[in-house]
Amino acid sequence: MSIYTIIATSSIKAESDIQKYEKARSLKLHVDAIRRDYFKKMKSGNNLEQQLAVTTYLVDKLALRAGGEKDEDLADTVGVCTLRVGHVDFMPPSTLKFDFLGKDSIRYLQEHEVDPLVFVAMQKFCKGKKPDHDIFDQIDPTKVNKHLQSLMPGLTIKVFRTYNASYTLNKLLKETTPD
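What you are looking at is a predicted structure, and each value in this text was computed from that prediction instead of being measured.

K.L.:
Just to check I follow, could you spell out the pattern of salt bridges for this structure?
P.N.:
Side chains that differ in sign of charge can pair as their charged atoms come close. Taken as a whole and judged by the stated rule, the model has 5 salt bridges. Ionic pairing is found between Asp137 and Lys129, a salt bridge with its closest N-O pair at 3.1 Å.

Encoded structure:
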């Protein structure tokens with residue numbers, strides 16, 4: 001690989017990152033409406049809408065990755081769209097315990113208290129399914145991203161995660177003392 005190829009590639013990557021951060025910055029203007037939308041859709045009787053709403057909530061509140069972008073020769077890593085019934089334990093009244101391999105085969109073993117609507121919806125999605133069945137059987141990352149783009153042009157799961165990571169970093173920097 002020539003130095004020109006490396007420079008061109010890194011320049012394209014940098015431009016892509018700049019666009020992602022700018023899109024994440026503009027999400028600040030839309031995030032409240034998006035959150036209202038997913039709570040509204042969680043209450044709908046439409047299973048597809050509920051699955052899109054719950055996955056959006058999990059990306060927003062837990063910063064889960066999309067999932068579904070692995071090669072056949074890699075480990076069975078999981079994201080929000082590829083969660084299976086065996087990856088989640090329900091701890092009433094509204095705590096979910098997740099246990100799965102995330103990016104780079106790093107184990108994700110965490111408990112999160114979630115909104116009761118999410119807890120009930122997740123139980124419904126898992127009901128009657130075996131541990132190796134997908135929780136979100138009507139969606140994939142493409143459908144979730146298409147849904148997000150209907151809420152804000154250019155919004156994707158990755159941009160949403162970038163927004164929340166940037167928001168958290170900014171908050172922590174403000175709380176940090178100079179020394």
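K.L.:
Can you walk me through the packing of aromatic side chains in this structure?
P.N.:
Describing an aromatic ring pair means giving the distance of the ring centres and the angle of the ring planes. Under the criterion given, the structure shown has 9 aromatic pairs. Relative to Tyr57, the ring of Tyr38 lies with its centre 5.7 Å away and its plane at 85 degrees, an arrangement referred to as edge-to-face. A residue pair is termed long-range when its members are at least 10 positions apart, and Tyr38 in helix H2 (residues 31-42) and Tyr57 in helix H3 (residues 47-62) qualify at 19 residues. Of the two residues examined, Tyr38 and Tyr57, each falls in the buried class. With a centroid separation of 4.8 Å and 15 degrees between ring planes, the pair formed by Phe100 and Tyr108 is classed as stacked. As far as burial versus exposure is concerned, Phe100 and Tyr108 are alike and both buried. Taken together, the aromatic side chains of Tyr38, Phe39 and Tyr57 make up a single cluster linked through ring pairs.

K.L.:
Is there a simple way to explain the pairing of strand E1 (residues 88-91) in this structure?
P.N.:
Consecutive residues of a regular strand have side chains that alternate between opposite faces of the sheet. Two strands pair when backbone bridges link them, and E1 and strand E2 (residues 95-101) are joined in this way by 4 bridges, in the antiparallel orientation. Paired with Asp89 across the strands is Lys97, a residue of E2. Counted between consecutive antiparallel strands, the loop separating E1 from E2 contains 3 residues.

K.L.:
Sorry, what's going on with unusual backbone geometry here?
P.N.:
In this structure, the amide linkage connecting Pro92 to the following residue, Pro93, adopts the cis form with an omega of 10 degrees. The backbone of Asp104 shows a phi angle near 60 degrees, a positive value even though the residue is not glycine. With respect to the helices and strands, Asp104 occurs in the loop between E2 and strand E3 (107-113). Residue Asp104 is classed as exposed on the basis of its relative accessible area of 63%. Phi angles above zero are rare outside glycine, and Ser105 is one such case at about 60 degrees.

K.L.:
I'm lost on the pairing of E3 in this one. Help?
P.N.:
Bridge count between E2 and E3: 7 bridges; the pairing is antiparallel. Bridge pairing in E3 links Thr95 to Glu113. Joining the antiparallel neighbours E2 and E3 is a turn of 5 residues, in which Asp104 adopts a positive phi near 60 degrees.

K.L.:
Looking at this structure, I do not really get the side chain of His87. What am I missing?
P.N.:
Along the chain, His87 falls in the loop between H3 and E1. At 2.8 Å, the side chain of His87 and the backbone nitrogen of Arg84 are in polar contact. Setting aside residues up to four positions removed in sequence, His87 forms contacts with Val78, Thr82, Lys97, Phe98, Asp99 and Phe100.

K.L.:
Which parts of the structure should I look at to understand helix H5 (residues 141-151)?
P.N.:
Along an α-helix, residues three or four positions apart point the same way, because every turn accommodates 3.6 residues. Those residues of H5 not exposed but buried are Pro141, Val144, Asn145, His147 and Leu148. Take H5 and look down its axis: the buried residues cluster within an arc of 160 degrees, on one side only. Residues of H5 that are exposed and point more than 90 degrees away from the buried face comprise Thr142, Lys146 and Ser150. Elements that come into contact with the buried residues of H5 comprise H2, H3 and helix H6 (157-175). One side-chain oxygen of the residue at the start of H5 lies 3.0 Å from the amide nitrogen of Thr142, identifying that residue as Asp140.

Reading the values: the criteria
Residues numbered from 1 in each chain as written. Predicted model: local features only at pLDDT ≥ 70, side-chain atom pairs only at ≥ 80, totals over all residues. Heavy atoms only, no water. Salt bridge = Lys/Arg side-chain N within 4 Å of Asp/Glu carboxyl O. Phe/Tyr/Trp six-rings, centres within 6.5 Å; stacked < 30°, edge-to-face > 60°. Helix = DSSP H or I, 4+ residues; strand = E, 2+ residues; numbered from the N terminus. Buried < 20%, exposed > 50% of the residue type's maximum accessible area, 1.4 Å probe, protein only. Pairing = 2+ DSSP bridges. Polar contact = N/O pair within 3.5 Å; in protein donor to acceptor, adjacent residues only side chain to side chain. Contact = heavy atoms within 4.5 Å. Arc of directions from axis to C-beta.

None of this, on its own, says anything about what the molecule does.
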